[in-house]
Amino acid sequence: MKGQRVENSGQAQLFKNPFLEMLTKGHPGVSWGLHLPILMYCFYYGYTHYDMGLGTMFLVAVFGLFFWTFFEYIAHRYIFHLISEKESMQKFAYIMHGNHHHYPKDKSRLFMPPVPSLIIVTVIFSISYLVAGKYAFAFYPGFILGWLMYASTHYLIHAIEPPFKFLQPIWRNHHLHHYRNDNLGFGVSNTFWDKIFGTTFDLKKERIDRKKSKELMFDKK
């Protein structure tokens with residue numbers, strides 16, 4: 001994505017087929033409305049059908065949420081920013097994330113679209129159940145809640161100024177990832193793993209470029 005031109009309006013066309021193109025777009029309300037009831041029922045089902053205490057389930061769910069933050073970092077660094085000579089892999093990386101760097105003001109592609117997300121979460125739950133058995137009914141809700149919180153944070157970073165001072169480093173980290181160096185700042189909901197793996201920006205030395213930051217924000221209508 002290095003050297004890629006940033007468009008201040010419009011959106012990428014990922015597929016020529018209108019139906020497939022429609023399936024690439026999502027909305028925060030749809031994602032929360034679709035997945036939150038599933039997560040709640042999954043947790044409830046695990047509690048009522050398996051011999052697990054609420055305390056244990058809560059701790060496993062918190063671990064799932066924390067594990068999401070690690071997965072978020074790994075996926076953003078090694079999948080979304082995939083570097084390959086193969087055209088098919090370049091296309092995959094562009095569909096997954098490159099289009100966001102190209103059109104950062106496109107708010108319709110910050111949340112995973114409903115149909116692909118249902119397929120993906122089904123796979124995630126299946127893997128969780130194979131690995132953790134009954135504990136998947138607590139791990140899965142925590143993990144997917146982490147994803148929803150990550151996507152919401154990403155949306156807000158491009159929509160508003162940080163509402164609280166303690167959130168400023170997260171906002172700046174992502175803005176710098178866009179306009180300064182996309183090989184740093186892979187954390188979106190947090191900067192923890194960037195610090196662990198040495199890919200964080202030195203925010204004390206990096207000045208805020210308000211013009212460039214504004215170019216990444218959604219247009220107010």
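Before any of the text, the structure's been laid out above.
Sequence order as written defines the numbering, with residues in each chain counted from 1. Local features in a predicted model are, by the rule used here, given only for residues with pLDDT of at least 70; side-chain atom pairs are given and counted only at 80 or more, and totals for whole chains, interfaces and linings are based on all residues. The basis for every side-chain value is the complete set of heavy atoms in the structure, and neither hydrogens nor water enter the calculation.

## Remarks on the environment of Pro-113
The cut-off we apply is this: Put simply, DSSP marks the helices as runs of H or I at least four residues long and the strands as runs of E at least two long, and each gets a number from the N terminus on. Each residue is placed in one exposure class: buried if its accessible area under a 1.4 Å probe, protein chains only, is under 20% of its type's maximum, exposed if it is over 50%, and partly exposed if it falls in between.
Tracing the backbone shows Pro-113 in the loop between helix 4 (87-102) and helix 5 (114-132). Its relative accessible area of 8% is what places Pro-113 among the buried residues. In sequence terms Pro-113 and Phe-92 are 21 residues apart; their C-alpha atoms lie 16 Å from each other.

## What about the pattern of salt bridges?
To keep it simple, the criterion reads: Take a side-chain nitrogen of Lys or Arg and a carboxyl oxygen of Asp or Glu: if they are within 4 Å of each other, that pair is a salt bridge.
Within the structure shown, the criterion is met by 4 salt bridges. The salt bridge involving Glu-21 is made with Arg-109; its shortest N-O contact spans 2.8 Å. Here Glu-21 is found in helix 1 (residues 18-22), whereas its partner Arg-109 is found in the loop between helix 4 and helix 5, with 88 residues between them in sequence. Neither residue differs from the other here; Glu-21 and Arg-109 are each classed as buried. Its salt-bridge partner being Glu-206, residue Arg-180 comes within 2.9 Å of it at the nearest N-O pair. Placement of the pair is Arg-180 in the loop between helix 7 (168-179) and helix 8 (192-197) and Glu-206 in the loop between helix 8 and helix 9 (210-215), with a sequence separation of 26 residues. Arg-180 gets classed as partly exposed once you look at its relative accessible area, which sits at 38%. Exposure remark for Glu-206: the relative accessible area of 22% places this residue in the partly exposed category.

## Topic: the side chain of His-101
Formally: Polar contacts, as counted here, are pairs of nitrogen or oxygen atoms within 3.5 Å of one another; within protein the pair requires one atom able to donate a hydrogen and one able to accept it, and residues that are adjacent in sequence qualify only if both atoms are side-chain atoms.
In this structure, His-101 sits in helix 4. Here His-97 takes part through its side chain, which lies 3.1 Å from a polar atom of the side chain of His-101. Within the structure, His-101 has its side chain in polar contact with the side chain of His-177 (distance 3.2 Å).

## Section: the packing of aromatic side chains
One pair of aromatic rings is described through two measures. These are the centre distance and the angle between the planes. Rules: Aromatic pairing here means that ring centres of Phe, Tyr or Trp (its six-membered ring) are within 6.5 Å. Orientation follows from the plane angle: under 30 degrees is stacked, over 60 is edge-to-face, and everything else is tilted.
Summed over all chains, the structure comprises 30 aromatic pairs. Judged by centre distance (6.4 Å) and plane angle (40 degrees), the ring pair of Tyr-41 and Tyr-44 falls under tilted. Of this pair, Tyr-41 and Tyr-44 both sit in helix 2 (residues 28-49), separated by 3 residues, roughly a single helical turn. Accessibility expressed as a relative area gives 52% for Tyr-41, which makes it exposed.

## Observations regarding the nonpolar core
Put simply, the test is: By convention a nonpolar core is built from buried Ala, Val, Leu, Ile, Met, Phe, Trp, Tyr and Cys residues, the set being connected through side-chain atoms within 4.5 Å. In what follows, residue pairs with any heavy atoms lying within 4.5 Å of each other are defined as contacts.
Core analysis: the largest hydrophobic core is formed by 28 residues, its most contacted members being Tyr-140, Ile-144, Trp-147, Tyr-150 and Tyr-155. Breaking this core down by element, the ones donating at least two residues are helix 2, helix 3 (54-80), helix 6 (136-157) and helix 7. No other element matches the 12 residues that helix 6 contributes to this core. Residues within four places of Tyr-150 in sequence aside, it is in contact with Trp-68, Glu-72, Phe-80, Val-188 and Ser-189.

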